[in-house]
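Observations on the three-dimensional arrangement
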Amino acid sequence: MEKNERKAHNHQHAQHHEEEHPYHSHEHHHEEGHHHEKECGCGHPHHSHSHCHEEGYYHKEDCGCGHDHHHHHEEDCGCGHHHGGHEGHDHSHHAAPHEPHTMPADIPQKVYILQNLGCANCAAKMERKINALPEVDAAVITFATRKLAVASGHQENLLPVLQKICASIESEVTVVPEEETAVKKEKRSFFASNRSALLTIGSGAVLFAAGIITKNTVLEQMVNAALFIAAYLVLGLAIVWKALKNLKNGRLFDENFLMSVATIAAFAIGDFAEAVGVMLFYRVGEFFEDVAVERSRSQIMDAVDLRPEVVNLVKGSEVSEIPAKDAKAGDVILIRPGDRIPLDGKVIEGESRIDTSPVTGEPVPVRVCPGEELISGCVNEQGVLKAEVLKPLSESMVTRILDSVEHAAASKPKLDRFITRFARIYTPVVVAAAVLTAIVPSLFTGDWNHWIYTAITFLVISCPCALVLSVPLAFFSGIGAGSRKGILFKGGLSIEALKNVKTVVMDKTGTVTKGNFAVQKIVSLGKLTEKQILTIAADCELYSTHPVGSSIVREARERKLALTEAEEVEEISGKGIRAKFAEGIVLCGNRALMELYHVDTAACAGGDYGTEVLVAADGRLEGYLLIADLVKEDARVSIKKMKAQGLATAMLTGDAKRSAQAVAKETGIDEVHAQLLPQEKLERLQDIRRRHGAVMFVGDGINDAPVLAGADVGAAMGSGADAAIEAADVVFMTSAVGAIPESVSIARATGRIAMQNVVFALAVKLLVMVLGFTGFANMWLAVFADTGVAMLCVLNSIRILWKK
């Protein structure tokens, strides 16, 4: 396949598993339950059982690998593909079209670090030139992380070519292959990191000050000129030298060249002090811009890079410190109070409370004890823990989050791509305007000095760096802000689409509700007490694997009730259980079971939200239990926040109508559509979009592929499972409903900040050009319109990191 064919092939729509293989269902247990058998194309059947007692879904899958997979929020068939929402991420969303240079999945990829990369506009030029190489299928440069990802079948010979291209555009850039396991975070003082720049600016400033002081003294004019020339050489020689090298490589509109021409022209018209002063101001502005960019980069990366440098390895009675990358699955590590959990693992000794907020954004600490799993990146608050490593550093949550954020930063929003294209036109147009300003008015007025000076201000303003820098940094800040709150955006396109969403459509089970059944109510209708009714029901369901039965047994055990095995147990499909005890015959199930055995149920009024489990002894109804999938604590408040954001809310679910309506009423959801098949959900979603506008769908990824793919933004609830992370545009690491309005808020703030940066940069540049043309602006103000505006845009971009 030729390069262009590969690139075109990469934009084809992904085919969704669920659309190709519709589900077949039949009733199975108590009133409502579905059995699904799926063929994903890998050659393994997928059986999924869901027993609902009228509501909720529970899935058990057999992928043919010999393991049972119980889960609510993901599908993994064992064939190497995830079937969770939409496969891969190349599906077409209405508000998120395919972007250029999407990395092809079937071509070897390698990541490089562009050391000393300091110019966003230069990075865009490098990306264009690298993509033009015949041996490169696709390349993406992420300025925020200084990473270059290259897809090519000729990686072994590519590094020298990449180095030559990058150095020809920005001479200080060095291209080095990324060290996959490098974690070292070197901290250097401000002065140590910027010693050379500070010395240059300081000595140049002293010489400039000396020139200003001697300007109107009795010293000879030659001495004064010498001081200014010396100051210019200190401050500007490196800039001029870079300009000449870049000119040799055909880069006419480079900022170094423009500054060199502007300041040398000032010398030519005899304004020595202005030339040196502007170069000094430019170097100071450039320095602060570089510092601001570097600080913003480090603040964002510090927020998402939770990888440890070392771990405490336990061998026998000895504890030794080893590099985190050397720890293997099965190793035992020691985690002290206050330590960040370094790797995904399982507690084997000790108890503690874990702060999961760095990963999930959830503020409430979680208690852990032996046997429970630990997620890397969380913080151990109290006790000393010994944990068995389950995944090495490269596969642990801390690395997966970092990779997700970095990949997201490489996904460029439409605004970013527009500004990059605009910058290619902007600079030549302004330079042409500068040339015309220098020549045309001078021919009529004869005042060459004035109009050349005015043209010089245009040259300084013509650099597009502030524009090109401001947008990607704003979106990267938004991605970083989301990750700090347990929200992983798939990329700039996801944020851009999310900020325009008008309606949030949610699945019920696992999204609005917890997906866990619990006993809500016990009602006695005869001579037995509530405690006795619970005990009898738990005795009947003692060995049940059904979530409703398990919830009854769990409630009984939590109340420390003594349970007794039945002498005989008969499960009646779709109805419930008939059990024989020494005391008599007990029926435990739904109304259909009671009718089968002619038990009068008139005393059980019903009507409450949840599943009724009726209990009868010796042919007489003694009472019932109400089992329900609990609504999440923050659901009602979160729905209210969505409405305050101007969002309409809707629920699409395959569950029973009565249960769905009860949940909607409790939480305040506007619109409910229940008992829907996957393809029917998509039809409802399209109808909602026609009525309200762009739609975000939030689901658990099971049976939701068509509707996730059809939504403008697809979001996955879950604890960060592989299937969820790979499938969705947005992943909520915490299962809280509050993450939905939070993500919308971050997306809208990011969009506002990016647009503020663009408008501010263009407005200031245009204003200074007008003022310069009318004689009210000098070169100093022009330098501010370049480096000063860039610095302010950077500072504005990182505001979102501190958004509450």
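Rules used in this analysis
- Residues numbered from 1 in each chain as written.
- Predicted model: local features only at pLDDT ≥ 70, side-chain atom pairs only at ≥ 80, totals over all residues.
- Heavy atoms only, no water.
- Helix = DSSP H or I, 4+ residues; strand = E, 2+ residues; numbered from the N terminus.
- Contact = heavy atoms within 4.5 Å.
- Expected span 1.5 Å × (residues − 1).
- pLDDT = per-residue confidence, 0-100.
- Pairing = 2+ DSSP bridges.
- Axes fitted to C-alpha atoms, helices over the stretch in contact; angles between N-to-C directions.
- Salt bridge = Lys/Arg side-chain N within 4 Å of Asp/Glu carboxyl O.
- Buried < 20%, exposed > 50% of the residue type's maximum accessible area, 1.4 Å probe, protein only.

What follows concerns the environment of Lys242. Mapped onto the secondary structure, Lys242 falls in helix H7 (residues 221-248). In this structure, the C-alpha to C-alpha distance between Lys242 and Glu170, residues 72 residues apart in sequence, is 8.4 Å. Filtering out sequence-adjacent residues up to four positions away, Lys242 remains in contact with Ser171, Glu172 and Asn256.

So, on to helix H18 (residues 547-558). Between its first and last C-alpha atoms H18 spans 16 Å; for twelve residues at 1.5 Å apiece the expected length is 16 Å, and the two agree. A positive phi of about 60° marks Lys560, the residue just after H18.

Looking at the protein chain as a whole, its pLDDT mean stands at 77, while 78% of the residues score no less than 70. Mean pLDDT per element in the protein chain: helix H2 (residues 17-20) is the minimum at 34, and helix H20 (residues 635-644) is the maximum at 94. Between residues 1-101, whose pLDDT stays under 50, and residues either more than four places distant or in other chains, the model counts 286 contacts.

So, about the sheet that holds strand E12 (residues 345-349). Read across the sheet, six strands follow the order E10-E9-E11-E17-E12-E15 without closing on themselves; strand pairing throughout is antiparallel. The open sheet has two edge strands, strand E10 (318-323) and strand E15 (373-374), and neither has a second partner. Direction of pairing for E12 relative to E15: antiparallel, over a ladder of two bridges. The residue bridging Lys346 from the neighbouring strand is Glu373, located in E15.

Here the focus is the sheet that holds strand E6 (residues 138-142). The pairing of strands in a sheet happens through backbone hydrogen bonds and is either parallel or antiparallel. The four strands are arranged E6-E7-E5-E8 in an open sheet whose pairing can be described as antiparallel. Each edge of the open sheet carries a strand with a single partner, namely E6 and strand E8 (174-177). Neighbour-to-neighbour, the strand axes of the sheet open up by a mean angle of 25°, direction not taken into account. For strand E5 (residues 109-115) and strand E7 (residues 147-151), the ladder comprises five bridges, and the chain directions are antiparallel. Paired with Gln109 across the bridge in E7 is Ala151. Together, E5, E6 and E7 form the strand contacts of helix H3 (residues 120-131), whose direction differs from that of E6 by roughly 170°.

Another aspect to go through is the side chain of Thr653. Relative to the helices and strands, Thr653 is located in the loop between strand E26 (648-652) and helix H21 (657-667). When neighbours within four sequence positions are excluded, Thr653 is seen to be in contact with Asp507, Lys508, Ala660, His673, Ala674, Gln675, Leu676 and Lys681.

This part covers the pattern of salt bridges. Pairing is possible between side chains of opposite charge, provided their charged atoms come close. Across all of its chains, the model carries 14 salt bridges by this definition. A salt bridge links Glu612 to Arg591; the nearest nitrogen and oxygen atoms lie 3.3 Å apart. Of the two residues, Glu612 sits in strand E24 (residues 611-617) while Arg591 sits in helix H19 (residues 591-596), which places them 21 residues apart along the sequence. Owing to a relative accessible area of 8%, Glu612 belongs among the buried residues under this scheme.

What follows covers the environment of Ala538. Assignment of secondary structure puts Ala538 in helix H17 (residues 530-540). Along the backbone, Ala538 and Glu555 are 17 residues apart, and their C-alpha atoms lie at a distance of 8.4 Å. Residues within four places of Ala538 in sequence aside, it is in contact with Ile552, Val553, Ala556 and Leu563.

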